[in-house]
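Residue-level structural notes
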Amino acid sequence: SPGSGRMIQDFWGPSQKLLGDMKFLESLKTYDRDNIQPSIIKVIREKYVTNPDFEPSVIANASRACEGLCRWVRAMDVYDRVAKIVAPKKIKLKEAEGELSVQMAKLKEKRAALKEITDKLDALNEQFAAMQAKCRELEANIDLCEKKLARAEKLIGGLGGEKARWSE
């Protein structure tokens, strides 16, 4: 108040100049909201967000343009609060994705080694089956030869008696 000796901040002149700037709206759209200085956020939270008159519904009675700015300032405050919660989670996510990538590469490597081993095992099983078939064939051949030998011995034994008869 005048006469109290306190300085009163008058933002009307600078506000008119700022609102008259043709690039003002673009500067709000492209504002670097990920790097808002803590000192600015502190002022916004202490002086404006806690002020009951700094509500879009209240400000709309005075100016539609100021209502939009009020919404924007409140949105930046909310964004900053959320960003501080989300940022560490994004870092952890990146770390987890990096670890996942490493583990997936190891898994791919192990799967390739497993495939190589199973291919070798399949080849050995085929070779084993072929050898078993050959073994059965040879056993059958041995059995057949033993039977032929037994019949031949029987025949020779039977013919041995005939030799004596034919010699007479």
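Predicted model, so just to flag it, every value in this text is computed and none were measured. (Residues numbered from 1 in each chain as written. Predicted model: local features only at pLDDT ≥ 70, side-chain atom pairs only at ≥ 80, totals over all residues. Heavy atoms only, no water.)

**A few points about the side chain of D77**
With respect to the helices and strands, D77 occurs in helix α5 (residues 64-167). What makes D77 buried here is its relative accessible area of 4%. Sequence-distant contacts of D77, defined by excluding residues within four places in its chain, comprise I44, R45 and V49. (Helix = DSSP H or I, 4+ residues; strand = E, 2+ residues; numbered from the N terminus. Buried < 20%, exposed > 50% of the residue type's maximum accessible area, 1.4 Å probe, protein only. Contact = heavy atoms within 4.5 Å.)

**A word on the nonpolar core**
I44, V49, F54, I59, C70 and V73 together form the largest nonpolar core, which totals six residues. Looking at this core, the elements with two or more residues in it are α3 (38-49) and α5. (Core = buried A, V, L, I, M, F, W, Y, C linked by side-chain atoms within 4.5 Å.)

**Describing the packing of aromatic side chains**
Aromatic ring pairs are defined here through the distance separating the ring centres and the angle between the ring planes. Taken as a whole and assessed by the stated rule, the structure comprises two aromatic pairs. Both rings, one in Y31 and one in W72, keep their centres 5.3 Å apart while their planes meet at 80°; by these two values the pair is edge-to-face. One end of the pair, Y31, is in the loop between α2 (24-29) and α3; the other, W72, is in helix α5, with 41 residues separating them in the sequence. You can call W72 partly exposed: its relative accessible area is 24%. Plain terms: the ring middles of Y48 and F54 are 5.5 Å apart, the flat faces sit at 55° to each other, and that makes the pair tilted. Positioned over the ring face of Y79 is R33, at 5.1 Å from the centre of the ring. (Phe/Tyr/Trp six-rings, centres within 6.5 Å; stacked < 30°, edge-to-face > 60°. Lys NZ or Arg CZ within 6 Å of the ring centre and 35° of its normal.)

**A look at the layout of surface pockets**
Space inside the largest pocket adds up to approximately 1,000 Å³. Lining the largest pocket are 25 residues, with F11, S15, Y48, L69 and V73 sitting closest to its centre. Among the residues making up the lining of the largest pocket, the classes are represented as 21 nonpolar, three polar and one charged. By volume, the second largest pocket is sized at about 220 Å³. Every residue along the wall of the second largest pocket is listed here: R33, D34, N35, I36, Y79, D80, V82, A83, K84, V86, A87 and K90. Residue composition of the lining of the second largest pocket, grouped by class: six nonpolar, one polar and five charged. (1 Å grid on protein atoms, 1.4 Å probe; cavity = no way out; pocket = protein on both sides within 12 Å on 5 of 7 lines; lining within 4 Å. Points joined across faces, edges and corners; volume = space filled by probe spheres on them. Nonpolar A, V, L, I, M, F, W, Y, C, P; charged D, E, K, R; others polar.)

**Thoughts on the confidence of the model for the protein chain**
Per-residue confidence for the protein chain gives a mean pLDDT of 89; residues scoring 70 or more make up 94%. Between the elements of the protein chain, mean pLDDT differs from a low of 78, seen in helix α1 (residues 12-20), to a high of 93, seen in α5. (pLDDT = per-residue confidence, 0-100.)

**Here we look at a nonpolar patch on the surface**
Taken together, the side chains of V78, V82, I85 and V86 define a hydrophobic patch exposed on the protein surface, amounting to about 310 Å² of accessible area. Residue placement: V78 occurs in helix α5. (Patch = residues over 30% accessible without salt bridge, like charges linked within 9 Å, V, L, I, M, F, W, Y side chains within 5 Å. Areas by Shrake-Rupley, 256 points an atom, 1.4 Å probe, with all protein chains shown as cover. Salt bridge = Lys/Arg side-chain N within 4 Å of Asp/Glu carboxyl O.)

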